[in-house]
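# Structural overview
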Amino acid sequence: MDLFADAIAWIFSPEAQSGSLPLSEAIWTHLAFTFVSVLIAAAVAVPAGWLVGHTGRGREAAVALSGAARAVPSFGLVLLLVLVFGVTHKVGASTTAFVLLAIPPILAGAYSGVEAVERRVVDGARAVGMTSRQVLGKVEIPLGLPLLIGGLRSATLQVVATVTLAGYVGSWGLGFYIVQGIQIRDFAQILGAALVIVVLAVVLDLLFALLERAVVPHGVAARRSAD
Amino acid sequence: MIEFRSVTKTYPDGTHAVDDFSLVVPAHTTTVLVGSSGSGKTTLLRMINRMVEPTSGTIEIDGESIAERDPVRLRRSIGYVLQNGGLLPHHRVVDNVATVLRLEGTPKQQARDRAMEVLDVVGLDRSLATRYPSQLSGGQQQRVGVARALAADPNILLMDEPFGAVDPIVRAELQTETLRLQQELHKTVVFVTHDIDEAFLLGDQVVILETGAQVAQIGSPSEIIENPASEFVASFIGTERGARALRTKETGHGTVLVDATGRTQGRLVGDDDEGTA
């Protein structure tokens, strides 16, 4: 328990607030990496996923991609991209790695959300004269939103954990304290930084859980509560 | 008037859903397509609003081939009632009914006012307008489906086994309601069902279909019952059994009608008995 006490003490200690990398700055960088990566990934994966779900085309590729990506070792990917991009482009290389890791769950959330809409609802929408685009925009996207948010949720959690690895290639984020802590054998600092990451992850997860509930369309929520 | 001319539908796997089908659906009457599953009746119905494209042959509405028309505009001009309603679960009843009007650019308030009127027409209380479909009973959802189909006042109404999923009491109620509506509105109705009793009840013209949409017989319910064209028709409509194979039997209280098993199904009434019957 001493180690935990030390770790918590480290979090609030003066050197953590004003060392070579102040804790608040590390938290912001960590979050910035996370959000920018997830946003870029979403900009690519959400439209692609909607299209796959709507047309059914490229579905096998999407399933294979989101399955295979789970097996990609994130640390290896970060290091590989730093080597490929060159050590002068570490930020770009790490961000690219995080984006690549975030794409599969978002893609899966987007297409499975659209696919999960009952076929007879889509059929009815088409039969009363909605264009293909209107079916997507007025029916499939709103009804598929909860699953999409679920995809964003797992992408964010995965990236917020993986951004820690950026500490190995650059002196950013909460990972920096862990890498440095291992070198100087400061276990309080390692555990302290790890705890902060855990808190970030839990808070983000909670926010997404609330969002996921908020986007369930009213009529659908009404049925759930009636069941 | 809707006319099918040598319409064929072959699916890529080689099955002939519809094979050389021709039919004239007269305007302002109800035509019922009836057959068991695999008879292609739903395929035929969905060809009318181009939800299914025929492999060959043409379909004309009032002499104009629908292949020339934009499918989306065509669908908006035709009312379509689906089994299970096919309503949008995330839209309120009033907005579901107003769907087609809104798609056609009618201002929101005007579309809602019209939707409220149509709810009256199909016998739904206006207080249900703000509910979601999931908060309604099956019969009520089906009425909303009919209201949605009628909202834009189309000439043609397509009904795809609309009462297949509701219980018998509600079904009878909806059938009566459909007859009443048709007496008021005089739409050209094409109705698909596998229930021969429903077909005879609602249809001015009944089309009995065999596998591959082969026409077994076309006629009014009376014509078909009085003179079934084939063994298939006779067995399909059940002339040998149930309430359609009746004999008279003299009893102390007058002449009654009994079925094959001897159960009394009705009483024979003379013309002058009608007042007291």
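Worth saying up front: this structure is predicted, and the values here are computed from it rather than measured. (Residues numbered from 1 in each chain as written. Chains lettered and ligands numbered in written order. Predicted model: local features only at pLDDT ≥ 70, side-chain atom pairs only at ≥ 80, totals over all residues.)

## Some words on the overall build of chain B
Test applied: Numbered from the N terminus, helices here are DSSP runs of H or I no shorter than four residues, and strands are runs of E no shorter than two. What the globule rule says is 2.2 Å times the number of residues to the power 0.38, and the radius of gyration is computed from C-alpha atoms. Whether a residue is buried, exposed or partly exposed follows from its count of other C-beta atoms within 10 Å of its own C-beta, namely 20 or more, 12 or fewer, or something in between, respectively; the C-beta atoms are built from the backbone. Here contacts are defined at the residue level, using C-beta atoms placed from the backbone and a cut-off of 7 Å between them.
In terms of helices and strands, chain B carries 10 helices and 13 strands. Against the 2.2 N^0.38 benchmark of 19 Å for 277 residues, chain B shows a C-alpha radius of gyration of 21 Å, consistent with a compact globule. In terms of its C-alpha atoms, chain B occupies a principal-axis envelope of roughly 65 × 50 × 30 Å. Burial analysis of chain B (277 residues in total) assigns 39% to the buried set. Intrachain contacts of chain B at a sequence separation of at least 6 include 59% that bridge at least 24 residues.

## Thoughts on the overall build of chain A
Summing up its helical and strand segments, chain A has 12 helices and zero strands in all. Element order for chain A, N to C, with α for helix and β for strand: α-α-α-α-α-α-α-α-α-α-α-α. With the C-alpha coordinates aligned to their principal axes, the bounding extent of chain A is approximately 70 × 45 × 25 Å. Split into buried and exposed, the 227 residues of chain A put 44% on the buried side. Sequence-distant contacts in chain A: of pairs separated by 6 or more residues, those separated by 24 or more amount to 75%.

## Quick notes on the interface of chain A and chain B
The condition is simple: Classification used: nonpolar for Ala, Val, Leu, Ile, Met, Phe, Trp, Tyr, Cys and Pro, charged for Asp, Glu, Lys and Arg, polar for all others including Gly.
Across the boundary between the two partners, chain A contributes 21 residues, which contact 22 residues of chain B. Counting residues per element, the side of chain A that touches chain B draws most heavily on helix α7 (residues 119-127) of chain A, which supplies seven residues. Here the side of chain A that touches chain B is composed, by residue class, of 12 nonpolar, five polar and four charged.

## Looking at the sheet that holds strand β4 (residues 56-61) of chain B
Within a beta sheet, neighbouring strands are joined by backbone hydrogen bonds and run either parallel or antiparallel to one another. All names here are of chain B. The line we're drawing: The criterion for strand pairing is that DSSP finds at least two bridges linking the strands in question. Axis definition: a line fitted to C-alpha atoms, over the contacting stretch in the case of helices. Angles run 0 to 180 degrees between N-to-C directions.
An order of β2-β1-β4-β5 is seen for the four strands of this open sheet, with the pairing classed as antiparallel. Looking at which strands have only one partner, the edges of the open sheet turn out to be β2 (16-25) and β5 (64-65). Strand direction decides the pairing type here: strand β1 (residues 2-10) and β2, joined by six bridges, are antiparallel. By the bridge assignment, Val-7 is partnered in β2 with Phe-21. Packing against the sheet, helix α1 (residues 41-48) makes contact with β1, β2 and β4, and its axis sits at approximately 60 degrees to β2.

## A closer look at the packing of α7 of chain A against helix α8 (residues 132-162) of chain A
Residue and element names in this part refer to chain A. Formally: In this scheme the crossing of two helices becomes right-handed for a clockwise turn of the near helix relative to the far one and left-handed for an anticlockwise turn of less than a right angle.
Between α7 and α8, the least distance of the axes is 10 Å, while the angle of their chain directions is 145 degrees. At the point where α7 passes α8, the crossing takes the right-handed sense. In contact with Val-121, Val-122, Ala-125 and Arg-126 of α7, α8 contributes Val-135, Val-139 and Glu-140. Residues belonging to the contact of α7 with α8 are distributed by class as follows: five nonpolar, no polar and two charged.

## A closer look at helix α5 (residues 74-85) of chain A
All names here are of chain A. For clarity, the threshold we go by: Helix span, as expected, comes to 1.5 Å for every residue beyond the first. Directions drawn from the helix axis to the C-beta atoms are what define this arc.
For α5, with 12 residues, the first-to-last C-alpha span of 16 Å sits near the 16 Å given by 1.5 Å per residue. Those residues of α5 that sit buried are Leu-77, Val-78, Leu-81 and Val-82. Projected down its long axis, α5 shows its buried positions confined to an angular sector of 130 degrees, all on one face. Turned more than 90 degrees away from the buried face of α5, the exposed residues are Phe-75, Gly-76, Leu-83 and Val-84. As for α5, its buried residues are in contact with α6 (90-115) and α9 (166-169).

## Thoughts on unusual backbone geometry
All names here are of chain A. Unusually for a residue other than glycine, Arg-185 sits at a positive phi of about 55 degrees. Structurally, the position occupied by Arg-185 is in the loop between α10 (175-184) and α11 (187-214). A residue is classified by how many C-beta atoms lie within 10 Å of it, and Arg-185, with 8 of them, is exposed.

## Concerning the UniProt feature "transmembrane region" (unreviewed entry) in chain A
Residues and elements named next belong to chain A. Here is the rule: UniProt positions are given in the numbering used here, feature names are shortened, and annotations may be inferred rather than shown by experiment.
The UniProt feature table records "transmembrane region" (unreviewed entry) at residues 28-51, 63-85, 91-114, 159-179 and 191-211. Along residues 91-114, the helical share is 100% and the strand share 0%, with 34 Å between the first and last C-alpha atoms. Along residues 191-211 one finds 100% helix and 0% strand; the C-alpha atoms at either end are 30 Å apart.

## Topic: α7 of chain A
Taken as a whole, α7 of chain A has its buried residues at Val-121, Val-122, Gly-124, Ala-125, Arg-126 and Ala-127 of chain A. Gly-129 of chain A, located one to two residues past α7 of chain A, shows a positive phi value of around 105 degrees.

## Quick word on the UniProt feature "domain: ABC transporter" (unreviewed entry) in chain B
Per the UniProt entry, the sites bearing "domain: ABC transporter" (unreviewed entry) are residues 2-237 of chain B in this numbering. Structurally, residues 2-237 of chain B is divided into 38% helix and 25% strand, and its ends, taken at the C-alpha atoms, are 26 Å apart.

## Side note on the packing of α5 of chain A against α6 of chain A
All names here are of chain A. Threshold: Should an angle fall under 35 degrees it is called roughly parallel, over 145 degrees roughly antiparallel, and 65 to 115 degrees roughly perpendicular, with every other angle called oblique.
It is the contact of α5 with α6, at a shortest axis distance of 8 Å, that shows an interaxial angle of 140 degrees. Classified by the interaxial angle, the pair formed by α5 and α6 is oblique. As for the relative orientation of α5 and α6, their crossing is right-handed in sense. When α5 is examined against α6, the residues Ser-74, Leu-77, Val-78, Leu-81, Val-82 and Phe-85 are found in contact with a partner set consisting of Lys-90, Gly-92, Ala-93, Ser-94, Thr-96, Ala-97, Leu-100 and Leu-101.

## Focus: the pairing of strand β6 (residues 78-81) of chain B
Residues and elements named next belong to chain B. Residues Ile-78 and Tyr-80 of β6 are buried on one face, and the alternating residues Gly-79 and Val-81, pointing to the opposite face, are buried as well. Bridge analysis of β6 against strand β7 (residues 156-160) gives four bridges, and the strand direction is parallel. Looking at β7, one finds that Ile-78 is bridged to Ile-156.

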